[in-house]
Number of protein chains: 2
Amino acid sequence: MKKNIYLLGATGSIGQQTLDIIKKNPNKFNLVAFSGYNNYTRIIEIATQFKPEMVALKDKTDYSNFKQRFPDIKAVYGREGLNKLASYNKEDKSAYLVNALVGMVGLDPTLSAIKIERDILLANKETLVVGGHLINDLKKLYKFNLYPIDSEHNALWQLLDKKDKNTIKRLIITASGGAFRELNRKELETVNIEDALDHPNWSMGKKITIDSATMMNKGFEIIEACYLFDIDIEKVDTVIHKESIVHSMVEFNDGSYLAHLSKPDMHLPISYALFYPERFCTDIKKIEITDLNSLSFSKMDYQRYPCLNYAIEAFKVGGSMRTVLNAANEIAVSLFLNGKIQFLEIEKIIRTALDSHKKIDNPSLEQIYEIDNLVKSNIEKKYNR
Amino acid sequence: MKKNIYLLGATGSIGQQTLDIIKKNPNKFNLVAFSGYNNYTRIIEIATQFKPEMVALKDKTDYSNFKQRFPDIKAVYGREGLNKLASYNKEDKSAYLVNALVGMVGLDPTLSAIKIERDILLANKETLVVGGHLINDLKKLYKFNLYPIDSEHNALWQLLDKKDKNTIKRLIITASGGAFRELNRKELETVNIEDALDHPNWSMGKKITIDSATMMNKGFEIIEACYLFDIDIEKVDTVIHKESIVHSMVEFNDGSYLAHLSKPDMHLPISYALFYPERFCTDIKKIEITDLNSLSFSKMDYQRYPCLNYAIEAFKVGGSMRTVLNAANEIAVSLFLNGKIQFLEIEKIIRTALDSHKKIDNPSLEQIYEIDNLVKSNIEKKYNR
């Protein structure tokens, strides 16, 4: 039987690769619905090629244009459109929502899918960073699976699948070190946008590339791991691994480590999640083990990457502090990408936002959106001159 | 409840380490019986310390001496003694036979334990090399588990446990390269016993150290993997990995590799098997991931190590050819250790033995012993001058 796919964020890097896999496996998958945001031309191409039942667009203008061109395709738009898409065809439960959105906007549709007990393939880290506690609450009410397609967490899933959690000593997430791994703190003061977007090992979306350079991305991934694998943050660690071949490791109580190795290619974790529990013979370039002659690991320098500490701190404080962490980071990265602030101002903005927030425990979705808006608008007022 | 342990080969390297673990975990394990061979002093020590119910000795002389000293301990001796020990206390089924014997002598007691449905922790490679087909036959008649404590196969077990076999592309066993890994074929002509026993990464029994230098050990391990994991020999590979940190890897159909890493310390695989499905917090030295800065892998040079090819060839031809392989190897290694032949004569002796044998399909245990004796005595006649 074909698996129906509801894809959020089809025009981004993960979305594109998900479409590659769907396209190559027409007997296995069927794209029922997708969302796109800025790239309208690409949205038209995808709609033409896949003929979905529903498309979610950015705003009313795109919606109207789209309806004119594709009168037979159901169209929706805006934040509400993403929710409609995520829970479209309520009865279709052997389907997957692939959430490849960027930023906190991914949270609400995840919750919508959970409430109709639809399984979710999650690339959107912010869903868990900001709303991990909400998802935990829903676990008691609904039956659903949350499968990670982030490469590190997908690797952990492969390593931990069917293993006894009590045997785990530590989860280890590897980090390439990002664009500025060879620079010292002094040198970081003068880096520009082009430098920041030049990731040493691969190309991906702009936001996550900057998050990699600040190491906030690993901070998010540590939080994500805590929620996904229900594990204490003291048991999650990250190490620098420049070669990006080992994606994660699990240290067990007895001194054994299990590691996941592959080419850094997102087709692999996406395929693993889509085909699970099978492993489909993908056509990604495979590593030749005997070509590996200097796999190396080194300690993470927490002084050099304060964002990593901020993420861990926000998780430990908990509640709405995680919303502030994410909101301040989203807006700061956006300001940097728009040339409004220097690279090192990103971390300063986040630090200030965390310091000036008074935590609320277990914030509701509404409170999360309020805090998110407040934090973002405060920062924007100050810096977006 | 305590697990009862029946230990074959208590005075060897694996046996000693098994005793370490039993001694440190008196609430978990109880040594019911053990065998020893040449080291009578050590046998006395173990019997004094562990107060077992039964001890298996080398011969009638040792037996008589032992009975005089320990009239309350049941004593047996010789090959028949090993069988009695392996199947002693037939009703004690939640027990383990730990088979840490060296050489083909380990096969018969393994079969005896299987016939009383006792689970086996297997370090004795020759059991599977020579008698893998017999064990396969018994699988249809008896219920038992065969858990590997060879480090490479134990690592594969950890990696494959509860995974779907259909997803496997290849099992990869790592090889340190042995004592002579830096020498070329010409230089191998003049190596002596002391050089051969100087393993670069660890110390173990003499026979297996020589098997490592000739790479016959990896040949045996490939055969072992085929039987243990019911996998085609074309899907088992070996690579040189000088650091001996990665013990095995599994390549899956989708391009993912899972690897097992740890300090090379046999306490770990023995503990894993003894405590399975738990992982006990052992006190072995653990690797610090961030100290690993040049893990390397390189292709196995099959030209340089003909014994590896002979093993693969013997497995493919099958039947009694595996008995000849092992018998010729056992006697040739023994002749080398006794200074009767040069290092490179080991492989020549094995080649000649394989070439002059006419294969019997599915040899019985009796036929295996006959062939073993014949091959060994022919070689001994020629070389033991």
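Residues numbered from 1 in each chain as written. Chains lettered and ligands numbered in written order. Predicted model: local features only at pLDDT ≥ 70, side-chain atom pairs only at ≥ 80, totals over all residues. Heavy atoms only, no water.

As a further point, take the overall build of chain A. Each helix and strand in chain A was counted, giving 16 helices and 12 strands. For a compact globule of 385 residues, the expected C-alpha radius of gyration is about 21 Å, and chain A comes in at 20 Å, within 12% of that figure. Across its three principal directions, the C-alpha atoms of chain A cover 55 × 55 × 40 Å. The proportion of buried residues among the 385 residues of chain A is 61%. The contacts in chain A between residues at least 6 apart in sequence include a share of 69% that link residues at least 24 apart. Summing over all exposed atoms, chain A offers an accessible surface of approximately 15,700 Å²; the carbon and sulfur share of this is 48%. One finds the centroid of the 52 positive side-chain charges in chain A at a distance of 3 Å from the centroid of its 50 negative side-chain charges. (Helix = DSSP H or I, 4+ residues; strand = E, 2+ residues; numbered from the N terminus. Rg over C-alpha atoms; globule rule 2.2 N^0.38 Å. Buried < 20%, exposed > 50% of the residue type's maximum accessible area, 1.4 Å probe, protein only. Contact = heavy atoms within 4.5 Å. Areas by Shrake-Rupley, 256 points an atom, 1.4 Å probe, with all protein chains shown as cover. Lys, Arg positive; Asp, Glu negative; His and termini not counted. Charge placed at Lys NZ, Arg CZ, Asp CG, Glu CD.)

Between chain A and chain B, the contact holds 43 residues from the first and 43 residues from the second. Taken together, the two surfaces of chain A and chain B that pack against each other cover about 3,600 Å², and 56% of this comes from carbon and sulfur. Linking chain A with chain B are two salt bridges, by the criterion used here. The interface formed by chain A and chain B contains 22 residue pairs in polar contact (both at pLDDT 80 or more). Counting residues per element, the side of chain A that touches chain B draws most heavily on strand β11 (residues 257-261) of chain A, which supplies five residues. (Buried area = accessible area lost by both parts, 1.4 Å probe. Salt bridge = Lys/Arg side-chain N within 4 Å of Asp/Glu carboxyl O. Polar contact = N/O pair within 3.5 Å; in protein donor to acceptor, adjacent residues only side chain to side chain.)

What follows covers the sheet that holds strand β6 (residues 119-122) of chain A. Residues and elements named next belong to chain A. Pairing in this open sheet of seven strands is parallel, and the strands run β4-β3-β2-β1-β5-β6-β7 from one edge to the other. Edge positions in the sheet fall to β4 (74-77) and β7 (146-148), since each of these pairs with one other strand and no more. Averaged over all pairs of adjacent strands, the angle between their axes in this sheet comes to 25°, without regard to strand direction. Two strands pair when backbone bridges link them, and strand β2 (residues 29-35) and strand β3 (residues 54-57) are joined in this way by three bridges, in the parallel orientation. In the sheet register, F34 faces β3, and the bridge partner there is V55. (Pairing = 2+ DSSP bridges. Axes fitted to C-alpha atoms, helices over the stretch in contact; angles between N-to-C directions.)

What follows concerns the pattern of salt bridges. The final tally for this structure, using the stated rule, is 52 salt bridges over all chains. Two residues, R79(B) and D108(B), come together in a salt bridge whose shortest N-O distance is 3.1 Å. With R79(B) in helix α4 (residues 78-86) and D108(B) in helix α5 (residues 107-115), the pair connects residues that are 29 residues apart, well separated along the chain. Between D230(B) and K165(B) there is a salt bridge whose closest N-O contact spans 3.5 Å. One end of the pair, D230(B), is in the loop between α11 (216-228) and β9 (236-240); the other, K165(B), is in the loop between α7 (151-160) and β8 (168-175), with 65 residues separating them in the sequence. Judged by its relative accessible area of 40%, K165(B) is partly exposed. Linked by salt bridges that have partners in common, K125(A), D150(A), E152(A), K218(A) and E221(A) make up one network.

Residues and elements named next belong to chain A. Domain annotation for chain A reports domain 1 (3-144) and domain 2 (153-383). A C-alpha centroid distance of 23 Å is found between domain 1 and domain 2. Taken together, both faces of the contact between domain 1 and domain 2 bury some 2,900 Å²; the carbon and sulfur share is 65%. Among the residues domain 1 hides against domain 2, the three largest losses belong to M104, K125 and V129. Together they make up 23% of the total. Taken together, the connections running from domain 1 to domain 2 amount to three salt bridges. Among the ionic pairs, E126 bridges to K207, the shortest N-O distance being 2.9 Å. If you look at where domain 1 meets domain 2, you find 11 residue pairs in polar contact (both at pLDDT 80 or more). Mapped onto the side of domain 1 that touches domain 2, the elements with two or more residues apiece are α1 (13-24), α5 (107-115) and α6 (125-139). In terms of residues, the side of domain 1 that touches domain 2 owes the most to one element, α6, which gives 11 residues. Here the side of domain 1 that touches domain 2 is built from residues that sort into 14 nonpolar, nine polar and eight charged. (Domains from an automatic or database assignment. Nonpolar A, V, L, I, M, F, W, Y, C, P; charged D, E, K, R; others polar.)

Below, the discussion takes up the relation of the copies chain A and chain B. Related by rotation about an axis and a shift along that axis, the two copies of the chain form a pair. When chain A is fitted to chain B, the residual RMSD is 0.0 Å, and the transformation amounts to a turn of 180° plus an axial shift of 0.0 Å. This pairing of chains is accounted for by a two-fold axis. The C-alpha atom lying nearest the rotation axis in chain A is that of S294(A); the distance is 2.1 Å. Most of the interface of chain A is mirrored in chain B: 98% of its interface residues are interface residues there too. (Least-squares fit on C-alpha atoms with pLDDT ≥ 70 in both.)

Mapping H260(A) onto the fold places it in strand β11. A sequence separation of 13 residues divides H260(A) from H247(A), and the C-alpha atoms of the two residues are 5.8 Å apart.

Moving on, we get to the sheet that holds strand β8 (residues 168-175) of chain A. Strands sit in the order β12(A)-β9(A)-β8(A)-β10(A)-β11(A)-β11(B)-β10(B)-β8(B)-β9(B)-β12(B) across an open sheet of 10 strands; the sheet is mixed. Both edges of this open sheet fall to β12 (298-299) of chain A together with β12 (298-299) of chain B, since each of them pairs with a single strand only. Where strand β10 (residues 246-252) of chain B lies against strand β11 (residues 257-261) of chain B, five bridges are found, and the strand directions are antiparallel. Counted as the bridge partner of S248(B) is H260(B) from β11(B).

With that settled, consider the packing of aromatic side chains. One pass over the full model with this rule turns up 27 aromatic pairs over all chains. With 5.6 Å between their ring centres and 50° between their planes, Y147(A) and Y276(A) make a pair best called tilted. Placement of the pair is Y147(A) in strand β7 and Y276(A) in the loop between α12 (267-275) and β12, with a sequence separation of 129 residues. One exposure class covers both Y147(A) and Y276(A), and it is buried. The interplanar angle of 70° and the centroid separation of 5.1 Å between the aromatic rings of F29(B) and F275(B) together place this pair among those described as edge-to-face. With a gap of 246 residues between them, F29(B) in strand β2 (residues 29-35) and F275(B) in helix α12 (residues 267-275) connect regions that are remote in the sequence. Relative accessible area serves as the criterion here: at 5%, F29(B) is assigned to the buried category. Accessibility expressed as a relative area gives 6% for F275(B), which makes it buried. When the ring centre of Y96(B) is taken as origin, the NZ or CZ atom of K3(B), which lies over that ring, is 4.2 Å away. Residue placement shows R79(B) over the ring face of Y369(B); its charged tip is 3.6 Å from the ring centre. (Phe/Tyr/Trp six-rings, centres within 6.5 Å; stacked < 30°, edge-to-face > 60°. Lys NZ or Arg CZ within 6 Å of the ring centre and 35° of its normal.)

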